[in-house]
Each structure stands twice: as C-alpha cells, then as structure tokens.
Amino acid sequence: MAVGKALALGAAALVDVVLVVLTLVGFVLAFGMGMIFMFPPTAQLIRHRTALARGLNGTWLGTAVPVPYLPPPLPARPQPDGWYRYERQLYKTAKWPDWNNRWKWIIGDPATWRDGLWLFLNPVVVCALPLLPLTLAGCAVLTMWATTPVMVPLALGCASAVALAATPRLLRAYAWWNHLLLSPTAKSVLAARIQRLDQARLATVDSQASELRRIERDLHDGAQARLVAMGMTLGAVEELMDKDPVAAKALLGKVREASSTALVELRDLVKGIHPPVLAERGLGDAVRALALDSPLKVTVTVDLDSRPDSPVESAAYFSISELLTNAARHGGAERVWIDISGNDHALRVVVTDDGSGGADPSLGSGLRGIERRLAAFDGVLAVNSPRGGPTTATFDLPNALREKGPDCTPSLPRGKAIIVGICWGIGWLPLFPQGLVTMFMKLFNAENRSWFLALYLPELLQWPLIVFNILLGLSMYAAGMLIPVMHARQQRLAEILPARLWLGR
C-alpha cells in the first residue's frame, strides 16, 4: 500500500514538471511581456494542483492540510451616483473593480507564492522522499552496466532496500513537507477569523436590536400598561374616598393585585435579560432552576471544573432555555436530559428530549437564533432530530473554559528539533561535495573521481544527480531555517492574541 501511494505521488510529480513549464510560461507572459491577465489563471491552475495535494495529504497520508488562502474580496458596491470606484478610477459597471480586486487578492496572498514554491520543489522532494527506494534502485541498476567499482551498485542496492522498508516513514516525512508549505499562515488564519467575527458581530448586533425591541414591547404591553392602569385607579380612589369608602377600598384591593402582577412581570423580564441566579450561582445552578420551572421532567448533569465567563454563561443559558421551550412547545416531549460538561477547554452542552422530532434549524427561527447567539463565541450547534424522535441538540463553545493562554515554550518541540539538527548536520553533504564540487569537477573534466558519486554514473545520469544533490542540500538548509522561523511566529502569535482568539496553531 505504501509503495503504491509512493508510485502515485511519483506519477503526480511527473505531471508537476509539465505544470512547472506552464507556470514559467505564464509568469513570463504576465510579468515579462505585460500580459497581466495571464497571472490569475496561472495561479488558479497552481491552486487546483495544491488543492489535490491537500486532499491526498489528508486521505492517504493522514495529515489534513486546511485551505490557507485569504478570504476573497467582497463584490464591488456602487456609489450613491451609481458609479463603481476602484482607488481613483470610476467605472460604470462592477466588472473591472471586481477583476482588479481579485487580481490584487491573488497576487497579495502569501499562500499563492508558497503554492508556487511547493510546485517547483515537489518533483525533487518526491524523488528524495517517497520515490527514494526506486531512485536508488534505478541508480544501482544503471551503475551495474557502467565502469564503476562493484561496491557502488551494491551499496546503492542495500540503501534501496533500507529505503523501501522505511517507505511509510518517508511518506510521513513527505506529508510533513506538504503541511509545512501548504498549511495556512498566521496572517490568513487571522484574516479568515476576522471575516467570521465580522459576520458574527453583525448577527449579534441584529440579535441585540431584536432583544431590545422585545424588551420594549414587553414593557409597553405589560408592566407599563399595568402601571398606567394603577395610576388611573388610584385617581378614582381619590374621588370615591369621601363619597363611597367601600368602593374605594375595593379599588385599592385591585390596585394591590395589579401591583403584584406588575412586579411578577418585571421579575420575569429581568430574568429574561440576565437571571440573578446565573450571576450568583453559575450556569449549572441556573439550569437546575430553569428545570424546576419547566413543565417537563428535566434531568440535569453538570461536570465543569471551572466557571465560564459571564457572556459565555449567558449565551449557553439562553440557548438551553430556547431548546427547552422548543421541546415543550413544538416537540411534545415529556422528558428532557441536559448534560453540561467540559471537553478540552470547550464547553459542551447536550440537550436530548423524547419528543416527536423533526427539528430543522433551516425552518425554525428559534434554532437560527441559537446559532446566531453562539456564533459570537465561535459556537457550533448540531441538531439530530429524525421524524418520531428523539431530538438531540449539541453545541460547543471553544475555549470557554480556558483560564490561561496556551503554553508558549520558547524551545522547539523534540521532533522539529531533531529535523532541524539533521538538516543542518548533513545538508552540506549533498550540497557541497556531492553537488557543487562535483559540478565543477564535471565542468573541468577532472580525471580523479574520488568519492563523488555522480561521476561514477553513466553520462546520461550525471547531471540530473548533480542537480538533484544541489537542490536537496538547498532544501535541507531551507527547512532548517524555515522550521524555527515558523515556530517563532506561532509563539509570537500565541503571546499576542488573547486566549479566546488562540486557534491552537
């Protein structure tokens, strides 16, 4: 299986050679001859290839690589006069502003150039990692027919056998290489994060506006109306106090009842804004109090080691309240089970009822409201509600239970430190003696072959092996420099961003 994957990656690397030629042609036409309209399709071609590489990296090699690109620009919007503006130019239609924004988005995205670097180096890396056994075996076969010492093909054959046994590890190293160049950068992650937060902010503002309208409506139709009625009744009591004390006393009793009702409504309104028990006792006790007031038989299980922040508690509480209301009003449920727990710094809530099922977030405003409420905290709602029930609603609030920022140790992890040490320790071997020095020996037709491996190969394979050694050495030194730089960038990102903005990278 590992050998088949390596051969498939080798076949894809042969296609990459053709893509490299097409990419060079596109770059020459775009930047050398001024045909800048050739750059976007060239970049899209590279992105299609790297998208395939990311997919294979996740399915074949077990290391998923997220999409690293910056969010695409929004469509151009017309000005009040109907014209479209791009910088200092005005256009009648949105065609050219959209094209300019897209061109600027593609060329300004660091992932575009990292994709190009990956495409240029991938054939060399594939030969150096997944196809290393086949490369060594081919060199061993060819050296058998050349005038070389017997030990050379024998050594190459033994190295090929060892590399064949290590093919799974070579594939993992290749997956790490893909992840190194094709994974998102901190800039793209933050840009996508900012875009999602902007959308969540707009949804939160709309939700808050609707909540304010609801509170205003409840005050106007409930407590305010009762207080006005109480004032009018007290005015009638003043007129009847001397004429008919009995009627005045009866009206005072009605006023007392109205005041009690208004007080209950105000308490319910305050409870709907932020329950006092939630502020004083926390989420677990607040949900237990909510269960006592519910007409359903509710079982609450709480397993939290720490208390979330107040906004997170409020979002979780009202989401649970909405789910209970849906179970009683629409689901026809009799029993509800609520489980609140922590899952790796995330607050997880599972609400299950024995109702009729059929709940769909795309159809009901209640579940959509829960999604908007949770989106402000990167929360995700999942609903499983087949016809006939039961209904299970699960939502996670990531980093809700994180009390401190991530552990930002200044040193490299052990695995990365070993790779950096190997790159710096033996990178000189393929670059200088087996690469550059051998190249000069070949150029000047030196008779002394010494231990320069490429000079013992047939004439057809000498230059490819020399170029391969030079590129391999440069790649090792580049990896030795890039790994600490990327690790330091992640550490700085972890120190700058607060805990709730840390994405675990």
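Calculation notes
- Residues numbered from 1 in each chain as written.
- Predicted model: local features only at pLDDT ≥ 70, side-chain atom pairs only at ≥ 80, totals over all residues.
- Heavy atoms only, no water.
- UniProt positions renumbered as here; feature names shortened; annotations may be inferred.
- Helix = DSSP H or I, 4+ residues; strand = E, 2+ residues; numbered from the N terminus.
- Buried < 20%, exposed > 50% of the residue type's maximum accessible area, 1.4 Å probe, protein only.
- Contact = heavy atoms within 4.5 Å.
- Areas by Shrake-Rupley, 256 points an atom, 1.4 Å probe, with all protein chains shown as cover.
- Bend = angle between axes of the 7 residues up to and from the residue.
- Core = buried A, V, L, I, M, F, W, Y, C linked by side-chain atoms within 4.5 Å.
- Phe/Tyr/Trp six-rings, centres within 6.5 Å; stacked < 30°, edge-to-face > 60°.
- Lys NZ or Arg CZ within 6 Å of the ring centre and 35° of its normal.
- Pairing = 2+ DSSP bridges.
- Axes fitted to C-alpha atoms, helices over the stretch in contact; angles between N-to-C directions.
- Parallel < 35°, antiparallel > 145°, perpendicular 65-115°, else oblique.
- Left-handed = near helix turned anticlockwise from the far one by under 90°.
- Nonpolar A, V, L, I, M, F, W, Y, C, P; charged D, E, K, R; others polar.

If you look the protein up in an unreviewed UniProt entry, it shows as histidine kinase from Streptosporangium oxazolinicum. We quote the UniProt Catalytic activity (unreviewed entry) comment for the protein here in full: "ATP + protein L-histidine = ADP + protein N-phospho-L-histidine."

### Here we look at the overall build of the protein
Scanning the protein from N- to C-terminus turns up 16 helices and 7 strands. Per-residue burial for the protein yields a buried fraction of 38% across its 505 residues. For the protein, the share of sequence-separated contacts (at least 6 apart) that also reach a separation of at least 24 residues comes to 69%. About 28,700 Å² of surface is accessible on the protein, with carbon and sulfur atoms providing 64% of the total.

### Structural notes on helix 15 (residues 428-443)
Val437 marks the point of greatest bend in helix 15, at about 30°. Looking only at helix 15, the buried set comprises Pro430, Leu431, Pro433, Gln434, Gly435, Thr438, Met441 and Lys442. One or two positions beyond helix 15, positive phi appears at Asn445, with a value near 55°.

### Remarks on the UniProt feature "transmembrane region" (unreviewed entry) in the protein
Here, UniProt's "transmembrane region" (unreviewed entry) annotation points to residues 6-39, 117-145, 151-171, 417-441 and 461-483. Helix makes up 82% of residues 6-39 and strand 0%, with an end-to-end C-alpha separation of 32 Å. Across residues 461-483 one finds 100% helix and 0% strand; the C-alpha atoms that close the span lie 32 Å apart.

### Focus on the nonpolar core
Counting 32 residues, the largest nonpolar core has Ile338 and Leu347 as the members making the most contacts within it. Of all the secondary structure elements, the ones that give two or more residues to this core are helix 11 (283-293), strand 3 (297-303), helix 12 (310-329), strand 4 (335-343), strand 5 (346-353), helix 13 (365-375) and strand 7 (391-397). The element that contributes the greatest number of residues to this core is helix 12, accounting for 8 residues. Judged by nonpolar contacts, the second largest core, of 24 residues, contains Leu119, Leu171, Leu180 and Leu181.

### Quick look at the packing of aromatic side chains
As enumerated under the stated definition, the model contains 9 aromatic pairs in all. Geometrically, the ring pair formed by Phe27 and Phe31 is edge-to-face, given 5.9 Å between the ring centres and 85° between the ring planes. Taken together, the positions of Phe27 and Phe31, both in helix 1 (residues 2-32) and 4 residues apart, correspond to about one turn of that helix. A relative accessible area of 24% places Phe27 in the partly exposed class. Taking the relative accessible area as the measure of exposure, Phe31 reaches 44% and is therefore partly exposed. Ring geometry for Tyr317 against Phe318: centres 5.2 Å apart, planes inclined by 80°, an arrangement best described as edge-to-face. Here Tyr317 and Phe318 have matching classes, each one buried. In textbook terms, an aromatic cluster arises when at least three aromatic residues are bridged by ring pairs, as seen for Phe27, Phe31, Phe39, Trp103 and Trp113. Note that Arg47 overlies the ring of Tyr69, its terminal NZ or CZ placed 3.9 Å from the centroid.

### Here we look at the sheet that holds strand 6 (residues 380-384)
To summarise the sheet geometry, strands pair through backbone hydrogen bonds and adopt either a parallel or an antiparallel arrangement. Spatial ordering of the open sheet is given by 3-4-5-7-6, a layout of 5 strands whose pairing is mixed. In this open sheet, the two strands that pair with only one neighbour each are strand 3 and strand 6. Averaged over all adjacent pairs, the angle separating strand axes in this sheet is 10°, with direction ignored. Helix 11 rests against strand 3, strand 4 and strand 5 of the sheet, and its axis sits at about 175° to strand 3.

### Comments concerning the packing of helix 1 against helix 4 (residues 110-128)
Between helix 1 and helix 4, the least distance of the axes is 9 Å, while the angle of their chain directions is 140°. Viewed along their axes, helix 1 and helix 4 adopt a mutual orientation that is oblique. Every pair of crossing elements has a handedness; the one defined by helix 1 and helix 4 is left-handed. On helix 4, the residues touching Leu9, Gly10, Ala13, Asp16, Val17, Leu19, Val20, Thr23, Leu24, Phe27 and Phe31 of helix 1 are Trp113, Trp118, Leu119, Phe120, Asn122, Pro123 and Val126. Here the contact of helix 1 with helix 4 is composed, by residue class, of 14 nonpolar, 3 polar and 1 charged.

### Regarding the packing of helix 11 against helix 12
Packing of helix 11 against helix 12 leaves a shortest axis separation of 10 Å and a crossing angle of 20°. On the basis of the axis angle, helix 11 is roughly parallel to helix 12. In this structure, helix 11 meets helix 12 at a crossing whose hand is right-handed. Along the contact surface, helix 11 presents Leu283, Ala286, Val287 and Leu290, while helix 12 presents Glu313, Ala316, Tyr317, Ile320, Ser321 and Leu324.

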